[in-house]
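Chain and residue survey
So the chains spell out like this:
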Amino acid sequence: MNIVNRDLTSDKDGVPGYLAHPDRKEPGPGIMIVHHHYGCTGNMKVKVCDYAKLGYTTIVPDMYKMLGAADGVHEAQKTTTDGQFVEILNRAWRYLTTRPEVDAKRCAVVGYCMGGRIGIHFVAATPSTRAFVGYYPSVRDEEPSKLRPRHPNDAVKDIKCASQIFLGGQDHVASIPVQQKLMASFQANGQPLDWHFFHRAGHGFAMADGDCYDPGLADHAWTLVSDFLGRELGNS
């Protein structure tokens, strides 16, 4: 399979970030990745290409550039509301779903870390999403605030698609009680759920950007994700 990949820019594409897709003529499934707090890194671009090799047109919008954040890694989440994050992701979603090689009815969202938490809010607000994958969503036990007026546990109620979630026993962001509440919320929304708990996994186990990267667990999760997306997007 020949893969086409390139950077996306605001001037040329309307959305900054990265794109990879199979070189095909018939519309097929698509994926929007919501990046971790490190941003649109080289490792994230590698992951975009990995999904493309499975047959998905895949984009990762650079949310920090879209927000105009000079130091997004350290400042974006301190000044940006969840609603603002969802708003800019809407632009990226439109870019993905209107591409000629994409079937808009077969598109999923995959979120990592911060992107897993924000992805929950986006998918809850976007019923056209066909499937959601959350790698260790950065969900905490916190009260509503101006920046985060709605807890992910509440937003999950509005998700209308199948979800697959990965969390670990050594996650320093989402404690075990927080994970259990999140799982109960997903179970209560009436949609199919694949929940995977790895007792030795830390936060960020699937990406080489952080300190908790575990290649073996990352490979295992990748097999599960590949199967899940193939089933839900009709790309088996």
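Residues numbered from 1 in each chain as written. Predicted model: local features only at pLDDT ≥ 70, side-chain atom pairs only at ≥ 80, totals over all residues. Heavy atoms only, no water.

Overview of the pattern of salt bridges
Applying the stated rule across the entire model yields 13 salt bridges. With its nearest N and O atoms 2.8 Å apart, the salt bridge here joins Asp13 to Arg6. Measuring nitrogen to oxygen at the nearest pair gives 2.9 Å for the salt bridge that ties Arg117 to Asp82. Of this pair, Arg117 sits in helix H6 (residues 114-124) while Asp82 sits in helix H5 (residues 82-97); the two residues are 35 residues apart in sequence, bridging distant segments of the chain. Of the residues examined, Asp82 reaches a relative accessible area of 6% and is grouped as buried. (Salt bridge = Lys/Arg side-chain N within 4 Å of Asp/Glu carboxyl O. Helix = DSSP H or I, 4+ residues; strand = E, 2+ residues; numbered from the N terminus. Buried < 20%, exposed > 50% of the residue type's maximum accessible area, 1.4 Å probe, protein only.)

So, empty space enclosed by the protein
If you walk through the whole model with that rule in mind, you get one cavity of 30 Å³ or more. Roughly 50 Å³ of internal volume is contained in the largest cavity. Asp82, Arg117, His121, Glu142, Glu143, Pro144, Arg148, Arg150, His151 and Pro152 together form the lining of the largest cavity. (1 Å grid on protein atoms, 1.4 Å probe; cavity = no way out; pocket = protein on both sides within 12 Å on 5 of 7 lines; lining within 4 Å. Points joined across faces, edges and corners; volume = space filled by probe spheres on them.)

Looking at the sheet that holds strand E8 (residues 193-202)
Taken together, eight strands build an open sheet; the order of strands is E1-E2-E4-E3-E5-E6-E7-E8 and the sheet is mixed. The open sheet has two edge strands with one neighbour each: strand E1 (3-8) and E8. Neighbour to neighbour, the strand axes of the sheet diverge by 15 degrees on average, direction disregarded. With five bridges joining them, strand E5 (residues 102-112) and strand E6 (residues 131-135) adopt parallel strand pairing. Its bridge partner lying in E6, Val109 is registered against Phe132. Contacts from H6 reach strand E3 (28-34), E5 and E6, with the element oriented near 140 degrees to E5. (Pairing = 2+ DSSP bridges. Axes fitted to C-alpha atoms, helices over the stretch in contact; angles between N-to-C directions. Contact = heavy atoms within 4.5 Å.)

Some words on the layout of surface pockets
Empty space within the largest pocket amounts to approximately 300 Å³. If you trace the largest pocket, you find 18 residues lining it, with His37, Tyr38, Cys113, His172 and His203 closest to the centre. Taken as a whole, the second largest pocket encloses approximately 190 Å³ of empty space. Here the lining of the second largest pocket is built from residues that sort into eight nonpolar, one polar and three charged. (Nonpolar A, V, L, I, M, F, W, Y, C, P; charged D, E, K, R; others polar.)

Concerning the packing of aromatic side chains
Applying the stated criterion across every chain yields a total of ten aromatic pairs. With a centroid separation of 5.6 Å and an interplanar angle of 65 degrees, the aromatic rings of Trp93 and Phe122 are classed as edge-to-face. Highlighted residues: Trp93 in helix H5 and Phe122 in helix H6, separated in sequence by 29 residues. Where Tyr112 meets Tyr135, the ring centres are 4.5 Å apart and the plane angle is 10 degrees; that geometry is what we call stacked. You can see Tyr112 sitting in strand E5 and its partner Tyr135 sitting in strand E6, a full 23 residues away along the chain. You can call Tyr112 buried: its relative accessible area is 0%. (Phe/Tyr/Trp six-rings, centres within 6.5 Å; stacked < 30°, edge-to-face > 60°.)

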